[in-house]
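Observations on the model geometry
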Amino acid sequence: MPLPLLKSSSRLLMFAPHPDDESLACGILLQNAVQAGASISVVYVTDGENNPWPQRCLSRRWRLNPADRHKWAKLRRQEALAALRVLGAASADVRFLGWPDQGLAGLLLSDRASSLARLRHLIVEWSPTDVVAPDVADRHRDHRALGVMLGLLFSGSGSDLHQIQRWSYIVHGRAPGFLRNARAVPQMRRQAETKRRAISCHQSQLMLSRRRFLSYAARSELLLDIPPQEVAQKDRARARVMKPPGEARMAVLHDGMVAWGVSGRRRIRSCWRIVNGVWQRLARVTRFIGICRHPAEVANSRSAETLSYASKPWQKQ
Ligand SMILES: [Zn+2]
């Protein structure tokens, strides 16, 4: 499993759910890309504006209004640009999509088609050779949702994105499947020090979690190589991993993962989810939180009755 072999003709597109993910997840990779002379684009999907505790602490006010959040978003954008300068990526093509912080899962479930279309347009327009994005096994729901969106885009039938090499990263949590298969990006001490300085640009985030944030500079940067769908299907080790056939409906699993059930004639007969970028059939589905007759319903389904697949079908048509 090779790591990104970046050269001057490479075009590296990084998706960051929030300002700070560029440094925490890819501080070394971006330095390598700069050194190789590769073209770099960083897409910040949210501005990280829904981050009330540090903001309350800094402003010494309990109540925050939309204007406060707007100010916070601006601050976090500036911090991200400063971090990119430290990493040597000042000339990177940077975009801020301004999607709702803490709201990407809702967007995935309620407005999937237009969100995916926007991401697709962005990717096709910039034409990357390598895309690095959050893994679906990340514990943070924005990271996970973005991972699912990109998984859907790249695994869609007739996808024209198969030539692009994909990599995923985890910022939150230690998913065993990811850790087993991911590779460490080699790093020099000098690069780790630069990464630490880049992380330090995010003063708003260091305020309450200084030690945790700076610890990212000391740990290895891990990336998982995600093979194109057809390679995954031919790979014996992933023999049971494939795109779910037929019409799919969505549900939110009790662990927060988004799953798709495949409709039979009268009920959902099998259930799949994306693990490390590829579809995986769930051997046993026991509990769901919320069922989905229409994707928009899932966003409001947290209080829905927990259903047992063993005792009754979770979807009747
Ligand atoms: Zn993040």
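Details of the structure are given in the entry above.
Below or above, wherever it landed, is the structure these notes cover. These numbers come from a predicted model, not from an experiment.

Right, let's get into the overall build of the protein chain. In terms of regular secondary structure, the protein chain is built from eleven helices and 13 strands. Buried positions account for 41% of the 317 residues belonging to the protein chain. Taking the contacts inside the protein chain whose residues are at least 6 apart along the sequence as the reference set, 72% of them involve residues at least 24 apart.

Along the chain, the position of leucine 30 falls in helix α1 (residues 21–36). Sequence-wise, leucine 30 and methionine 14 are 16 residues apart; in three dimensions their C-alpha atoms are separated by 9.0 Å. Contacts of leucine 30, omitting those with residues within four sequence positions, involve Glu22, Ile40, Leu87 and Ala89.

By the element assignment, glycine 106 lies in helix α4 (residues 104–110). The exposure class of glycine 106 is partly exposed, given the 16 C-beta atoms found within 10 Å. For glycine 106 and alanine 145, which are 39 residues apart along the polypeptide, the C-alpha to C-alpha distance reads 8.6 Å.

This paragraph deals with helix α9 (residues 203–215). It helps to recall that an α-helix has 3.6 residues per turn; residues three or four apart then point in one direction. Over its 13 residues, α9 runs only 15 Å from end to end, short of the ideal 18 Å by more than 12%, given 1.5 Å per residue. The largest bend in α9 is about 120°, located at serine 209.

Let's shift gears to unusual backbone geometry. Phi at aspartate 20 is positive, roughly 115°, even though this residue is not glycine. Here aspartate 20 is to be found in the loop between β1 (11–16) and α1. Its identity is not glycine, yet serine 127 carries a phi of approximately 55°, on the positive side. A residue is classified by how many C-beta atoms lie within 10 Å of it, and serine 127, with 12 of them, is exposed.

Conventions we followed
Residues numbered from 1 in each chain as written. Predicted model: local features only at pLDDT ≥ 70, side-chain atom pairs only at ≥ 80, totals over all residues. Helix = DSSP H or I, 4+ residues; strand = E, 2+ residues; numbered from the N terminus. Buried ≥ 20, exposed ≤ 12 C-beta atoms within 10 Å, placed from the backbone. Contact = placed C-beta atoms within 7 Å. Expected span 1.5 Å × (residues − 1). Bend = angle between axes of the 7 residues up to and from the residue.

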